[in-house]
Amino acid sequence: PFVITDACIDVKDRGCLDACPVDCIYEGGRTLYIHPDECIDCGLCETVCPVAAIHADDRLPEELTMWVEVNRAYFGPEVTGLGSPRGADAKTTRAVDHPVVAAW
Ligand code: SF4
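Described in the following lines is the structure provided in the data block. Keep in mind the model is a prediction, meaning the values are calculated, not measured.

Here the focus is the overall build of the chain. When you go through the chain residue by residue, the secondary structure sums to five helices and four strands. Helices and strands in the chain line up, N terminus first, as β-α-β-β-α-β-α-α-α. For the chain, the residues scored as buried account for 40% of the 104 residues in total. The long-range fraction of contacts in the chain, counting pairs at least 24 apart against all pairs at least 6 apart in sequence, stands at 64%. Split by element, the accessible area of the chain, about 5300 Å² in all, is 55% carbon and sulfur.

A separate point is helix H3 (residues 66-74). Buried residues of H3: Trp67, Val70, Asn71 and Tyr74, and no others. Around the axis of H3, the buried residues are gathered within 95° of arc, so they sit on the same side. Among the structural elements, strand E1 (2-4), strand E2 (25-27), strand E3 (32-34) and helix H5 (99-102) are those in contact with the buried residues of H3. Directly beyond the C-terminal end of H3, a positive phi value near 85° is found at glycine 76.

Turning our eyes to something else, we now look at the site of the ligand. Around the ligand lies a shell of 13 residues, among which Cys20, Cys39, Cys42, Gly43 and Cys45 are the nearest. Classifying every residue of the shell around the ligand gives 11 nonpolar, one polar and one charged.

If you look at the biggest cluster of nonpolar residues, it comprises 15 residues, and the most contacted ones within it are Phe2, Ile4, Ile25, Ile34, Cys45 and Ile54. Counting only elements with at least two residues in this core, the list comes to E1, E3 and strand E4 (54-56). When sequence neighbours within four positions are dropped, the list of residues in contact with isoleucine 25 reads Ile4, Cys16, Leu17, Cys20, Leu32, Tyr33, Ile34 and Cys45. Ile9, Trp67, Val70 and Tyr74 belong to the second largest nonpolar core, which has 11 residues in total.

The relative placement of two aromatic rings is captured by the distance of their centres and the angle of their planes. Under the counting rule described, the total for this entry stands at four aromatic pairs. Note on tyrosine 33 and tyrosine 74: the rings are 3.7 Å apart at their centroids and 0° apart in plane angle, and the pair reads as stacked. Here the residue tyrosine 33 occupies a position in strand E3, and tyrosine 74 occupies one in helix H3, the gap between them amounting to 41 residues. Taking the relative accessible area as the measure of exposure, tyrosine 33 reaches 1% and is therefore buried.

Rules behind the numbers
- Residues numbered from 1 in each chain as written.
- Predicted model: local features only at pLDDT ≥ 70, side-chain atom pairs only at ≥ 80, totals over all residues.
- Heavy atoms only, no water.
- Helix = DSSP H or I, 4+ residues; strand = E, 2+ residues; numbered from the N terminus.
- Buried < 20%, exposed > 50% of the residue type's maximum accessible area, 1.4 Å probe, protein only.
- Contact = heavy atoms within 4.5 Å.
- Areas by Shrake-Rupley, 256 points an atom, 1.4 Å probe, with all protein chains shown as cover.
- Arc of directions from axis to C-beta.
- Near = heavy atom within 4 Å.
- Nonpolar A, V, L, I, M, F, W, Y, C, P; charged D, E, K, R; others polar.
- Core = buried A, V, L, I, M, F, W, Y, C linked by side-chain atoms within 4.5 Å.
- Phe/Tyr/Trp six-rings, centres within 6.5 Å; stacked < 30°, edge-to-face > 60°.

The structure is reproduced here in structure tokens:
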């Protein structure tokens, strides 16, 4: 999947929300997050992000690899655990950011 990294924090341009064909980008308090199980790897979000915050997880620079877990963990154990639900059940978003983002 694609991953949103630190450059999005306190920017939240939201252009990616309109670009994503499967609506798998969610809004937290200070940043946006990509649902790793819903992303279809189309790459459209990366092309519209004005601050280059979005990268494919397999092309992340070493210093940004932690953001894979930040994006995933935001969605909670229903994603990180076994048998993550898709569709409506997974559309849970939280205004509360991942602790890494909250402390940024
Ligand atoms: Fe959405 Fe495509 Fe970006 Fe994945 S790569 S978050 S599907 S726009």
